[in-house]
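# Coordinates in review
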Amino acid sequence: MNLYISDLHFGHRNVINFDHRPFSNADEMDHYMIGLWNNRVYDDDDVYIIGDFAYRSGKSSDWYLRQLKGHKHLIIGNHDRCTIENKKAMAYLESVDKMTHVTDGDKQIVLCHYPLAEWYKSRHGSWLIYGHIHGNKNDTYEFMKTREHALNAAACINNYTPASFRELVENNARFQQSDKDIRTVK
């Protein structure tokens, strides 16, 4: 099975406030997310980490990667230098790309850390799975939610767990529904 997640930011204390994550510190967050990952992922699953795996952590990227199940593929994000410069970490990754194309069932999917206005075969039904904007509801979010076949894989909107394509669709719909709920209350 293919699973997707972005913006894990393992070890990054400041992301707790940035994303309003429900953790008291980075160690608690790391422990919890490793547990969620390993409860969800089977050894033969392919997990696409769509950028920003670990950042400003006191632990090395290989410390995290060796604990995580599945075949791990990294799509490089803006906070992945510590991972790609770590030879031990790279040994735990099946692939490392800036952008890639995968097939998931009958879906053609482009994976890129950054939101894109257009992508390979976007006018012919292909999908984009991206990250970078976390759960921010800024101008980029407002634009991306108009893209019918674009899904945000941010950990904070996908329950800090690698998600299947179907789960990404459901989680993104729920996240966008929260906009409508807020407008209805006002």
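Everything discussed here concerns the structure shown above.
Residues numbered from 1 in each chain as written. Predicted model: local features only at pLDDT ≥ 70, side-chain atom pairs only at ≥ 80, totals over all residues. Heavy atoms only, no water.

This part takes up the packing of aromatic side chains. All chains considered together, the criterion is met by nine aromatic pairs. Centre to centre, the rings of F10 and Y64 are 4.7 Å apart; their planes meet at 20 degrees, and the pair counts as stacked. One end of the pair, F10, is in the loop between β1 (2-5) and α1 (13-18); the other, Y64, is in helix α3 (residues 61-65), and 54 residues separate them in sequence. In this pair, the class of F10 matches that of Y64, namely buried. Each residue in the set F10, F53, W63 and Y64 is aromatic and connected to the rest through ring pairs, giving one cluster. Here the basic side chain of K59 rests over the ring of W63, its NZ or CZ set 5.0 Å away from the ring centre. The positively charged end of K137 is found above the aromatic ring belonging to F175, 4.3 Å away from the centroid. (Phe/Tyr/Trp six-rings, centres within 6.5 Å; stacked < 30°, edge-to-face > 60°. Helix = DSSP H or I, 4+ residues; strand = E, 2+ residues; numbered from the N terminus. Buried < 20%, exposed > 50% of the residue type's maximum accessible area, 1.4 Å probe, protein only. Lys NZ or Arg CZ within 6 Å of the ring centre and 35° of its normal.)

It is worth spelling out helix α2 (residues 26-40) at this point. For α2, built from 15 residues, the straight-helix expectation of 21 Å at 1.5 Å per residue is met to within 8% by its first-to-last C-alpha distance of 21 Å. A26, M29, D30, M33, I34, W37 and N38 are the residues of α2 that are buried. The buried residues of α2 occupy an angular sector of 150 degrees when projected down its axis, which confines them to one face. Structural note: α2 exposes H31 and N39 on the side pointing more than 90 degrees away from its buried face. (Expected span 1.5 Å × (residues − 1). Arc of directions from axis to C-beta.)

What follows deals with the nonpolar core. If you look at the biggest cluster of nonpolar residues, it comprises 38 residues, and the most contacted ones within it are L8, F10, W37, I49, F53 and L128. Counting residues per element, the ones that place at least two in this core are β1, α1, α2, β2 (46-49), α3, β6 (107-112), β7 (127-130) and α6 (139-144). Per-element accounting of this core gives the leading share, four residues, to α2. Among all residues touching F53, those that are not within four sequence positions of it are L8, H9, F10, S61, Y64, L65, L68, D80 and T83. Counting 14 residues, the second-largest nonpolar core is a separate cluster that includes I50, I109, L151 and F165. (Core = buried A, V, L, I, M, F, W, Y, C linked by side-chain atoms within 4.5 Å. Contact = heavy atoms within 4.5 Å.)

Attention now goes to the pattern of salt bridges. Applying the stated rule across the entire model yields nine salt bridges. Linking R21 and D19 is a salt bridge whose minimum nitrogen-to-oxygen distance equals 3.1 Å. In this structure, E85 engages R81 in a salt bridge whose closest nitrogen and oxygen atoms are separated by 3.7 Å. By relative accessible area, which is 60% here, E85 ends up exposed. (Salt bridge = Lys/Arg side-chain N within 4 Å of Asp/Glu carboxyl O.)

Taking strand neighbours across the sheet as the criterion, the four strands line up as β1-β2-β3-β4 in an open arrangement whose pairing is parallel. Two strands in the sheet have a free side with no partner beyond their single neighbour: β1 and β4 (93-97). The sheet shows a mean angle of 20 degrees between the axes of neighbouring strands, direction not considered. Where strand β3 (residues 71-75) and β4 come together, four bridges link them in parallel fashion. Note on β4: the bridge partner recorded for H73 is S95. (Pairing = 2+ DSSP bridges. Axes fitted to C-alpha atoms, helices over the stretch in contact; angles between N-to-C directions.)

Another aspect to go through is the side chain of D7. Secondary-structure assignment places D7 in the loop between β1 and α1. We note that D7 is buried and unpaired, the nearest opposite charge coming from R21 at a distance of 6.9 Å. A polar atom in the side chain of D7 sits 3.4 Å from the side chain of H134. In this view, D7 contacts R21, G51, D52, H113, G131, H132, H134, A154 and A155; residues no more than four positions away in its chain are not counted. (Lys, Arg positive; Asp, Glu negative; His and termini not counted. Polar contact = N/O pair within 3.5 Å; in protein donor to acceptor, adjacent residues only side chain to side chain.)

With respect to the secondary-structure elements, R147 resides in the loop between α6 and β8 (150-152). C-alpha separation for the pair R147 and G58, spaced 89 residues apart in sequence, amounts to 38 Å. The residues contacting R147, other than those within four sequence positions of it, are A117 and W119. In this structure the side chain of R147 is engaged in a polar contact, spanning 3.3 Å, whose partner is the backbone oxygen of A117.

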